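# Architecture at a glance
Here is how the chains run, residue by residue.
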Amino acid sequence: SPSTRNCPCKMTQLPPKSPLASPVSEGTNSRVESLDNLSMDSFWLEVENIKQSAEAEQEECSLADVKTQEEGEAEAEWLQDAGLSDLLGDHASENDNIVLLSTLTKTQAAAVQRRLDTYSRSRRRRNKHPVRDVRDIFGVVSSEETAAKKEESSPDQLWHNLRTSSVQKKTQDYSCTVRNPGKEEGFNMDVAYSEQAAVLLKGSFLSESRRLKDGNTLTKFKIHKGRLGVTRIGDLSAQDMKKIPTLALIELTALCDILGFELKRNKAVKLKTTEKRLFGVPLNTLLENDQKLLPNTKVPLLLQSLLSCLEKRGLETEGILRVSGSQTRIKSLEQKLERDFYTGLFCWDEVHQNDVSGLLKRFIRELPAPLLTAEYLPAFAAVQNIPDLKQRLQALNLLILILPEPNRNTLKALLEFLSKVVAKENNNKMNLWNVSTVMAPNLFMHKGLPNKIPEGKEKQLAEGAADVVRIMIHYQDLLWTVSSFLVAQVRKLNESNNKRYQFCDKRIKNLLRKIHADKDKVEKSQAEPSKIVKVHASLLLKDSLEVHLNNATRVADVLRQFQKTLCQNGWNLVNTVNLIKCNNSMECTNLLLYEVGGNIGEHCLDPDTYLLDLYHINPHAEWIIKQNPSYPRMF
């Protein structure tokens, strides 16, 4: 493999593994060895192209000043990002944190406790003002238990106890995680990933970790649909989605703790931005400018134009993305776009497709901060160290949920385009691995992050980065899903915010013990076997639609009933409602049922959601039929 490269844009270094990570390193090496037969020439050719482009403009490349964090500083930042900043003060109000803490699983609470422990000890060592003991936050023990608890109070002992107790729990609820090589596997989103990992900790999953097979063979996963259906990114209201990154960060940290990996994050830094309007401009700024022209724009208009141009004329071009365009022409095109793009005078028909692909990659690289964000780029890179494919997907799913909305939407648009390139591989000779090796340097190398590649690790890091890109392209539909356990936590947050827990002594008394005593109980539903509810559709019907719910009533059934009502009222469904064959039944695709209010802001429901189960979980919500925003309006 090539020696360390003197490229001003170096690949982000992977975070060092903790001592607990040693069992999985062997699995990682085996996976990397299985990639030896897959050429990395495209990767290193792309690196050289990036190097040449950067050297030509080296004066414009200014590295960010990344300072080494002091002990405890990383934990303090983590607690802030996890929405628990009030726990850092000497006389902080705990009420704001009680709600969030009350929703956590056992493994999530242990992750919080571990970092608060470390932060507290570091402050004491630096002779700062005394901070509250972690036991003041997570419960006060009785005098009889004091001696025993003192022995167990170290974070390592607490973590050992957690890992041991988690493994000893019964595993029948996690049957879908049993490995079944060579067949379609279920992907469980009902139970927290860290809880699943804790159950499997002493199982055989490390020795049975999936190896990447030659070419593009990857295991097929099917999301296990519970009775509440599946929630995709975009199905929740903006208000509820704001709660998801905090919960996902806590869950990702808990998962990494269980797997024995240290979740390293870069400290956010302010980078100098250019005077340009398109290239080298922060995503937020681009979108603000674009939204002045086209409200509700979620992906930069320039990126949309680049992708549209390539989709129209470049998908069948042999070597698209891999074959580099002329650097001189690309630089000239960039200048013309800066001048003419917003005026509508730029003509895409005259641009060579390889130059357009060069502009696309340049746009991604020139962002002031990486598309995967400076903070979490090391975490994305570290995913390659997880030997089990399902757990890699779990980590990536959480990382994508943590991304800011502009980054997540832009990444999705890019991945959807890359899937279209792969779909035309018979013509363009760009299979999944080829596309991944070309795009990995553009996503994982950034001029603002002065990280060095460890000597002798170039090949391993390169293949690992390409593998992460490959997984994101191949499994993007799964990755853009909000896990059911996170939606349940959002519901509990909303309920708790309405009730505002009252504690007479201003402490979270025995919080962990209380939480998990409740969670370990089997909830026996005493709900009614049937129910009559009203469904609103004010834009289509003057009166509400009465629906009789039983255990078999799904959202799709209500939409069909609504269609019949429209017919009875004289609507012409041929002109107003698009029908398609789906799961051996006719489904209305331009009408959606929303759950609004109660313990949720607004939730677009999966057609397979069983409504009586949903009613029992959120009895105070209203159900409203709306037109699918993806379809032309009916009026």
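Presented here is an overview of the structure given in this document. (Residues numbered from 1 in each chain as written. Predicted model: local features only at pLDDT ≥ 70, side-chain atom pairs only at ≥ 80, totals over all residues. Heavy atoms only, no water.)

### A few points about the overall build of the protein chain
Broken down by element type, the protein chain carries 27 helices and 11 strands. Here the protein chain holds 635 residues, and 53% of them are scored as buried. Taken as a whole, the protein chain presents about 30,100 Å² of accessible surface, with 49% of it coming from carbon and sulfur. (Helix = DSSP H or I, 4+ residues; strand = E, 2+ residues; numbered from the N terminus. Buried < 20%, exposed > 50% of the residue type's maximum accessible area, 1.4 Å probe, protein only. Areas by Shrake-Rupley, 256 points an atom, 1.4 Å probe, with all protein chains shown as cover.)

### A word on the nonpolar core
Core analysis: the biggest nonpolar cluster contains 131 residues, and L321, F380 and F444 have the highest contact counts within it. At 10 residues, the largest contribution of residues to this core is made by helix α11 (residues 244–259). Counting 21 residues, the second largest nonpolar core, distinct from the first, contains A537, L566, L591 and W623. (Core = buried A, V, L, I, M, F, W, Y, C linked by side-chain atoms within 4.5 Å.)

### Quick notes on the pairing of strand β10 (residues 600–604)
As a general feature of sheets, a regular strand has side chains that alternate between the two faces. Here strand β9 (residues 591–597) pairs with β10 via 4 bridges, running antiparallel. Counterpart to G597 in the pairing with β10 is I600. Where β9 folds back onto β10 in an antiparallel hairpin, the turn is made up of 2 residues, including G598, whose phi is positive at roughly 75 degrees. (Pairing = 2+ DSSP bridges.)

### Digging into unusual backbone geometry
Phi is positive for T373, which is not a glycine, with a value near 75 degrees. Following the sequence through the fold, T373 ends up in the loop between α15 (353–366) and α16 (377–382). Accessibility expressed as a relative area gives 7% for T373, which makes it buried. Although it is not a glycine, K429 sits at a positive phi angle of roughly 60 degrees. Among the structural elements, K429 can be located in the loop between α19 (425–428) and α20 (432–444).

### What to know about the environment of S85
Here S85 shows up in the loop between α3 (73–81) and α4 (95–102). With 12 residues separating them along the chain, S85 and N97 place their C-alpha atoms 8.5 Å apart.

### Some points on the pattern of salt bridges
Throughout the structure, instances matching the rule amount to 23 salt bridges. In this structure, R114 and D257 form a salt bridge, with 3.5 Å as the shortest nitrogen-oxygen distance. Here the residue R114 occupies a position in helix α5 (residues 106–125), and D257 occupies one in helix α11, the gap between them amounting to 143 residues. By relative accessible area, which is 23% here, R114 ends up partly exposed. The salt bridge involving R491 is made with E595; its shortest N-O contact spans 2.7 Å. (Salt bridge = Lys/Arg side-chain N within 4 Å of Asp/Glu carboxyl O.)

### Some remarks on the sheet that holds β10
Strand order in this open sheet of 5 strands is β6-β5-β11-β9-β10, and the pairing throughout is mixed. Only two strands of the sheet have a single partner each, and these edge strands are β6 (545–549) and β10. Neighbour to neighbour, the strand axes of the sheet diverge by 30 degrees on average, direction disregarded. (Axes fitted to C-alpha atoms, helices over the stretch in contact; angles between N-to-C directions.)

### Considering the packing of α5 against helix α9 (residues 193–200)
Packing of α5 against α9 brings their axes to within 7 Å, and their N-to-C directions diverge by 95 degrees. Compared by their axis directions, α5 and α9 come out roughly perpendicular. Across the interface between the two elements, K106, T107 and Q108 from α5 touch S194, E195 and A198 from α9. When grouped by side-chain class, the residues that make up the contact of α5 with α9 number 1 nonpolar, 3 polar and 2 charged. (Parallel < 35°, antiparallel > 145°, perpendicular 65-115°, else oblique. Contact = heavy atoms within 4.5 Å. Nonpolar A, V, L, I, M, F, W, Y, C, P; charged D, E, K, R; others polar.)

### Here we look at the packing of aromatic side chains
Inspection of the entire model under this criterion finds 8 aromatic pairs. Between the aromatic rings of Y193 and F485, the centroid separation amounts to 5.2 Å while the plane-to-plane angle is 80 degrees, which identifies the pairing as edge-to-face. Placement of the pair is Y193 in helix α9 and F485 in helix α23 (residues 484–499), with a sequence separation of 292 residues. Classification of Y193 as buried rests on a relative accessible area of 0%. One residue, R115, lies across the ring of W78, its end atom 5.5 Å from the ring centre. It is R227 that lies over the ring of Y610; its NZ or CZ is 3.9 Å from the centre. (Phe/Tyr/Trp six-rings, centres within 6.5 Å; stacked < 30°, edge-to-face > 60°. Lys NZ or Arg CZ within 6 Å of the ring centre and 35° of its normal.)

### A closer look at the pairing of strand β11 (residues 622–627)
Burial of β11 is one-sided: the residues W623, I625 and Q627 facing one way are buried, the residues E622, I624 and K626 facing the other way are not. Examined bridge by bridge, strand β5 (residues 531–536) and β11 share 2 bridges and lie parallel to one another. Counted as the bridge partner of V535 is W623 from β11.

### Examining α20
Here α20 is 13 residues long and its end C-alpha atoms lie 18 Å apart, about the 18 Å a rise of 1.5 Å per residue gives. Along α20, the sharpest kink reaches roughly 30 degrees, centred on V438 and followed within four residues by the proline P441. When you tally the buried positions in α20, you get 12 out of 13 residues, the bulk of the element. If you check which residues of α20 are buried, you get L432, W433, V435, S436, T437, V438, M439, A440, P441, N442, L443 and F444. (Expected span 1.5 Å × (residues − 1). Bend = angle between axes of the 7 residues up to and from the residue.)

### A word on the side chain of S194
Examined against the element boundaries, S194 turns out to sit in helix α9. By relative accessible area, S194 is classed as buried at 0%. In this structure S194 touches T105, T107, Q108, E251, A254, L255 and I258, once residues within four positions along its chain are discounted.

### Things to note about the packing of helix α12 (residues 283–293) against helix α18 (residues 405–423)
Direction vectors running N to C along α12 and α18 enclose 80 degrees, while the axes themselves pass 9 Å from each other. With respect to their mutual orientation, α12 and α18 come out roughly perpendicular. Here α12 contributes L283, N284 and L287 to the contact with α18, which in turn contributes P406, N407 and T410. Taken together, the residues that form the contact of α12 with α18 break down as 3 nonpolar, 3 polar and no charged.

Treat this as a map of the structure, not an account of what it does.
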